[in-house]
Amino acid sequence: MSLNYTSYISQVSELLALDSPANPEFALIIPGMIDYAEQRIYRELDLLQTVVRNSTNSTTLNSRNAAIPNTFVTVQSINVITPAGTLPDNGTRVPLQPVSRDFVDYAWPNISSAGVPNCFAMVDQWNIIVGPAANGAYRMEVIGTIRPAPLSVSNTTTFLTEHLPDLFVAASMVYGSGWQKNFGSQADDPGQSVSWENQYKTLIASAGLEEVRKKFEAQAWASRSPSPIASPNR
């Protein structure tokens, strides 16, 4: 069953055995609990839902430096669009090969050989260098992952609450158990946090399998669950 913000708060407060979802001390830790659960799941699961395309940035004439949108957490691939100044669907995509900064420095030590870039290297989180240096303002199509808007009073549902509610609740309960100090030998319920951590690990394993199926990265590069009998070569 999918959740929304209200039903999520109600369910977690019930599992934590609170007197009311409106418990003022509980209300103080809700944003941190949501953040803990979401960040952990997004980092541990390569969710197809978090992959986006962005073509707002361009290369600069006679420069190898380029910026990518600061909404990206990880970059999966980059295309430059030819001819220069053309939008992706109206031009030709030229995939850039990811390489090291050392390779770009060695292969194109200056901008004298400017042309259509064919590779890129990450400089920091949101800046790259391309090789060769661009001989025009080529639109870049960046494909990568972002962090979706978090669950909140104003954003009442997310992909996690609608499609992975059990995992989201389990991660929240690990945080909530810590808030209640239900861990360690002197806690009222020293096994609570450990139990929810184990439940979380069980659930994320099945969620991870489903994600590779979505991307046709399961057995034999198919979208089906692994078969206990058939074992085709990859």
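Residues numbered from 1 in each chain as written. Predicted model: local features only at pLDDT ≥ 70, side-chain atom pairs only at ≥ 80, totals over all residues. Heavy atoms only, no water.

Student: Would you explain the overall build of the protein chain in this entry?
Tutor: Secondary structure assignment for the protein chain yields 6 helices and 8 strands. Shown N-terminal to C-terminal, the secondary structure of the protein chain runs as helices and strands in the order α-α-β-β-β-β-β-α-β-β-β-α-α-α. Relative to its length of 234 residues, the protein chain is extended, with a C-alpha radius of gyration of 23 Å against a globular reference of 17 Å. On the principal axes, the C-alpha backbone points of the protein chain span a range of 70 × 50 × 35 Å. Here the protein chain holds 234 residues, and 38% of them are scored as buried. Put simply, 62% of the contacts in the protein chain that link residues at least 6 apart link residues at least 24 apart. In the form shown here, the protein chain has an accessible surface area of approximately 12,800 Å², with 53% of it arising from carbon and sulfur atoms. (Helix = DSSP H or I, 4+ residues; strand = E, 2+ residues; numbered from the N terminus. Rg over C-alpha atoms; globule rule 2.2 N^0.38 Å. Buried < 20%, exposed > 50% of the residue type's maximum accessible area, 1.4 Å probe, protein only. Contact = heavy atoms within 4.5 Å. Areas by Shrake-Rupley, 256 points an atom, 1.4 Å probe, with all protein chains shown as cover.)

Student: Is there a simple way to think about the pattern of salt bridges in this case?
Tutor: Where charged atoms from two side chains of opposite charge come close, those side chains can pair. Using the criterion set out here, one finds 7 salt bridges in the structure. The salt bridge partner of R93 is E141, with a shortest N-O separation of 2.7 Å. With R93 in strand β4 (residues 92-95) and E141 in strand β8 (residues 139-146), this residue pair connects regions lying 48 residues apart in the sequence. Within this structure, R40, E44, E197 and K201 form a network of salt bridges that share partners. (Salt bridge = Lys/Arg side-chain N within 4 Å of Asp/Glu carboxyl O.)

Student: Quick question: what am I supposed to make of the packing of helix α1 (residues 5-15) against helix α2 (residues 24-44) here?
Tutor: Helix packing geometry: the angle between the two helix axes and the distance between the axes. Closest axis-to-axis distance for the α1/α2 pair is 12 Å, and the angle between their directions is 110°. On the basis of their axis angle, the class for α1 and α2 is roughly perpendicular. Crossing geometry of α1 relative to α2 is assigned as right-handed. Taken together, the residues of α2 that come into contact with α1 (itself represented by Y5, Y8, I9, V12 and S13) are F26, I30, M33 and I34. Looking at the contact of α1 with α2 residue by residue, the class counts come to 8 nonpolar, 1 polar and no charged. (Axes fitted to C-alpha atoms, helices over the stretch in contact; angles between N-to-C directions. Parallel < 35°, antiparallel > 145°, perpendicular 65-115°, else oblique. Left-handed = near helix turned anticlockwise from the far one by under 90°. Nonpolar A, V, L, I, M, F, W, Y, C, P; charged D, E, K, R; others polar.)

Student: Honestly, the sheet that holds strand β2 (residues 63-67) in this entry has me stumped. Any pointers?
Tutor: Across a sheet, strands are paired by hydrogen bonds formed along the backbone, either parallel or antiparallel in direction. Spatially, the 4 strands line up as an open sheet ordered β2-β7-β6-β5, and their pairing is mixed. Two strands bound the open sheet, and with one partner strand each, they are β2 and β5 (97-98). The pairing of strand β6 (residues 119-124) with strand β7 (residues 127-134) spans 5 bridges and is antiparallel. Note on β7: the bridge partner recorded for C119 is G131. (Pairing = 2+ DSSP bridges.)

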